[in-house]
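So the chains spell out like this:
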Amino acid sequence: QVQLVESGGGLVQFGGSLRLSCAASGTGSIFSRYAMTWYRQTPGKQRELVAGIGSSGFTNYVDSVKGRFTISRDNTKNTIYLQMNSLKPEDTAVYYCNRQPTFGFWGRGTQVTVSS
């Protein structure tokens, strides 16, 4: 059974950095073939795709995080990461990871709060 566990969130000041991790279990080595994505969601809003990474390592980002966030993956650990620098209050959200297309379920996410 596939599980997704996000971690690394916290409270950080404006301009600070955080590194999020997403560990996928139950996928085995097929994880390396998945395109994986980070999403975020704030109360009352739809979940927003933030960054994605393909099986080949190709990456894409929503315009609002380009140049500040970096997505990466370690297929030996079935894990993806999101390095977030120059954080802004508008980055405050619960961050989730998933496959692209999604698995059809979501992990618990990890809360990121950026104070001004």
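Residues numbered from 1 in each chain as written. Predicted model: local features only at pLDDT ≥ 70, side-chain atom pairs only at ≥ 80, totals over all residues. Heavy atoms only, no water.

## What about the pattern of salt bridges?
Per the counting criterion, the structure on display carries four salt bridges. In this structure, Asp91 and Arg40 form a salt bridge, with 3.0 Å as the shortest nitrogen-oxygen distance. Pair noted here: Asp91 is in the loop between strand E8 (79–84) and strand E9 (93–100) and Arg40 is in strand E4 (residues 35–41), with a separation of 51 residues, a long-range link. Each member of the pair, Asp91 as well as Arg40, carries the same accessibility label: buried. Each of the salt bridges in this network shares a partner with another, and the network as a whole consists of Arg40, Glu48, Arg68 and Asp91. (Salt bridge = Lys/Arg side-chain N within 4 Å of Asp/Glu carboxyl O. Helix = DSSP H or I, 4+ residues; strand = E, 2+ residues; numbered from the N terminus. Buried < 20%, exposed > 50% of the residue type's maximum accessible area, 1.4 Å probe, protein only.)

## Quick look at the nonpolar core
Core analysis: the biggest nonpolar cluster contains 27 residues, and Trp38, Phe69, Leu82, Met84 and Tyr95 have the highest contact counts within it. At the level of elements, strand E3 (18–25), E4, strand E5 (48–53), strand E7 (69–74), E8, E9 and strand E10 (110–115) are the ones that each hand at least two residues to this core. The dominant element in this core, judged by the number of residues it contributes, is E3, at four residues. (Core = buried A, V, L, I, M, F, W, Y, C linked by side-chain atoms within 4.5 Å.)

## Looking at the environment of Trp106
In this fold, Trp106 is placed in the loop between E9 and E10. Note: C-alpha distance between Trp106 and Glu6 (100 residues apart in sequence) is 10 Å. The residues contacting Trp106, other than those within four sequence positions of it, are Tyr39, Arg47, Tyr96, Cys97 and Asn98. (Contact = heavy atoms within 4.5 Å.)

## Side note on the packing of aromatic side chains
Enumeration over the complete set of coordinates arrives at four aromatic pairs. Seen from their ring centres, Tyr34 and Phe103 are 5.5 Å apart, and the 85 degrees between their planes marks the pair as edge-to-face. Residue Tyr34 is found in the loop between E3 and E4, and its partner Phe103 is found in the loop between E9 and E10; the two are separated by 69 residues along the sequence. For the pair formed by Tyr34 and Phe103, the shared burial category is buried. Ring centres 5.9 Å apart and planes at 75 degrees place the aromatic pair Tyr96 and Trp106 in the edge-to-face group. Note that Tyr96 is positioned in strand E9 and Trp106 in the loop between E9 and E10, a separation of 10 residues in sequence. The exposure class assigned to Trp106 is partly exposed, which follows from its relative accessible area of 31%. Its guanidinium or amino end placed over the ring of Tyr81, Arg19 lies 4.0 Å from that ring's centre, counting from NZ or CZ. Positioned over the ring face of Tyr34 is Arg99, at 5.2 Å from the centre of the ring. (Phe/Tyr/Trp six-rings, centres within 6.5 Å; stacked < 30°, edge-to-face > 60°. Lys NZ or Arg CZ within 6 Å of the ring centre and 35° of its normal.)

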